[in-house]
Amino acid sequence: MKLLPLLSLLPRLPGPRLSSALLGATALELAVLAGHLIAYPFGLTPERRQSPRRPARPTSTGVDGPDHGGTTPSETETTTPPEATTPYKSTTPPKATALPVAATAAPPVVLLHGFIDNRSVFVVLRRALTRHGHRHLEALNYSPLTRDIRTAAELLGRHVEEICERTGHSRVDVVGHSLGGLIARYYVQRLGGDRRVRTLVTLGTPHGGTAVAPGAGVHPIVRQMRGGSSLIEELRAPAPGCRTRFVSFWSELDQVMVPVRTACVDHPDLDAVNVRVTGIGHLALPVHPTVAAAIREALEAPEAGEDTATAAGSSTGATSAA
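Report follows, based on the coordinates. (Residues numbered from 1 in each chain as written. Predicted model: local features only at pLDDT ≥ 70, side-chain atom pairs only at ≥ 80, totals over all residues. Heavy atoms only, no water.)

### Description of the packing of helix α4 (residues 123-131) against helix α9 (residues 289-300)
Our working definition: Under this scheme, a helix contributes an axis fitted over its contacting stretch, all axes are lines through C-alpha atoms, and angles between N-to-C directions fall in the 0 to 180 degree range. Only runs of H or I of at least four residues qualify as helices and only runs of E of at least two qualify as strands under DSSP, and these elements are numbered from the N terminus. In these notes the angle categories are as follows: under 35 degrees is roughly parallel, over 145 is roughly antiparallel, 65 to 115 is roughly perpendicular, and the rest is oblique. By convention the crossing between two helices is left-handed if the near helix lies anticlockwise of the far one by an angle smaller than a right angle, and right-handed if it lies clockwise. Contact between two residues is taken to exist if any of their heavy atoms lie within 4.5 Å; hydrogens are not considered.
The contact between α4 and α9 brings their axes to 10 Å, and the two run at 50°. As the angle between them shows, α4 and α9 are arranged oblique. For the element pair α4 and α9, the recorded crossing hand is right-handed. Judged by residue contacts, L125, A128 and L129 of α4 engage A292, I295, R296 and L299 from α9.

Right, dumping it as structure tokens:
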């Protein structure tokens, strides 16, 4: 896989002593938390989505205009379907006419937040990706009342199908933080989502289960993130022929992932690259500019040709966020 050398080009600075590094990372975590608490209310509502533009048609003045009544781009936005926040309802997503897309067009990027969070966590990352040409990004909210990762993965699958139908793309990329990455992996690996997801980037995701998940005896979805849970064991099952590329970012100072390497993808059937991040903790992963740059490079890495065989397995890389 050619992604590893690309990520390895990022600067790797000499790391400070663990004590000072942990102190700095903790201070950064507190700053990120404070900022996120301010932004959190703005992410509670589902974002507005832009429908595909209708093809222009000639007008009597000879100037191209929008088809079917002159709808302007600002009038083509629709609100998120109800299932974006209610995991217990199965409704048919609104139909949208898909426009053909060029084979080289970048696929949509779907952003999926972590436990008891919302789309506001991706404000910084979204801005960074948009500045570098990623024009179609969608941040999904799943309900905090969700009690099962499998249910959330099914909901994600319905959203991905709706996005593909609406945009005309056959595949998407997904970036998931913490629990969001685990939901996306279950969709890819256990629900056939590998036919839709080209690249899955995870940030501080407990792929092997974590030993410090808070409230493990209270919330069912948190119990599923514990090592040895039935869901984690499902993800250890064989996954031959999985077509999705995995890029997992893990931090040596992530206090939520115990052990820290549980955030790595370790599966013989998966095409995975594990990128070690130094100098930051769990909350800073989706907001740090160095990580954002590495995510962008991961999404822009060329995909192997369909007729080119690639060896499955895990590789490692490193980037410094200090």
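That shown, we press on.
### Regarding the pairing of strand β8 (residues 197-203)
Test applied: Relative accessible area decides the class of each residue, using a 1.4 Å probe on protein chains only: under 20% of the type maximum gives buried, over 50% gives exposed, and in between gives partly exposed. Seen with its strands pointing away from the viewer, a crossover is right-handed when the path leading from the first strand over the helix to the second is clockwise. Whether two strands pair comes down to DSSP finding at least two bridges between them.
Of all seven residues making up β8, seven are buried, and the element is well covered by its neighbours. Crossover strand β7 (residues 172-177) to β8 through helix α6 (residues 179-190) is right-handed. Sheet topology places β8 next to strand β9 (residues 245-251); five bridges connect them, and they run parallel. Its bridge partner lying in β9, T202 is registered against S248.

### Notes on a nonpolar patch on the surface
This is how the line gets drawn: Here the term patch refers to residues with relative accessible area over 30% and no salt bridge, with like charges joined within 9 Å and nonpolar side chains (Val, Leu, Ile, Met, Phe, Trp, Tyr) within 5 Å. Accessible surface area values rest on a Shrake-Rupley calculation with a 1.4 Å probe, where residue burial reflects the displayed protein chains alone. Whenever a carboxyl oxygen of Asp or Glu lies within 4 Å of a side-chain nitrogen of Lys or Arg, that contact is scored as a salt bridge.
Taken together, the side chains of L30, L33, L37 and L283 present a nonpolar region at the surface, about 360 Å² in accessible area. Within the secondary structure, L30 is located in helix α2 (residues 18-39).

### Quick notes on the packing of helix α5 (residues 149-167) against α6
For the record, the criterion: Amino acids are sorted into nonpolar (Ala, Val, Leu, Ile, Met, Phe, Trp, Tyr, Cys and Pro), charged (Asp, Glu, Lys and Arg) and polar (every other residue, Gly among them).
Put simply, α5 and α6 touch, their axes get as near as 8 Å, and they point 75° apart. Judged by the angle between their axes, α5 and α6 are roughly perpendicular. The residues of α6 that touch α5, namely those facing I149, R150, A152, A153, L156, G157, V160 and E161, are L179, L182, I183, A184, Y186 and Y187. Residues of the contact of α5 with α6, tallied by class, amount to 11 nonpolar, one polar and two charged.

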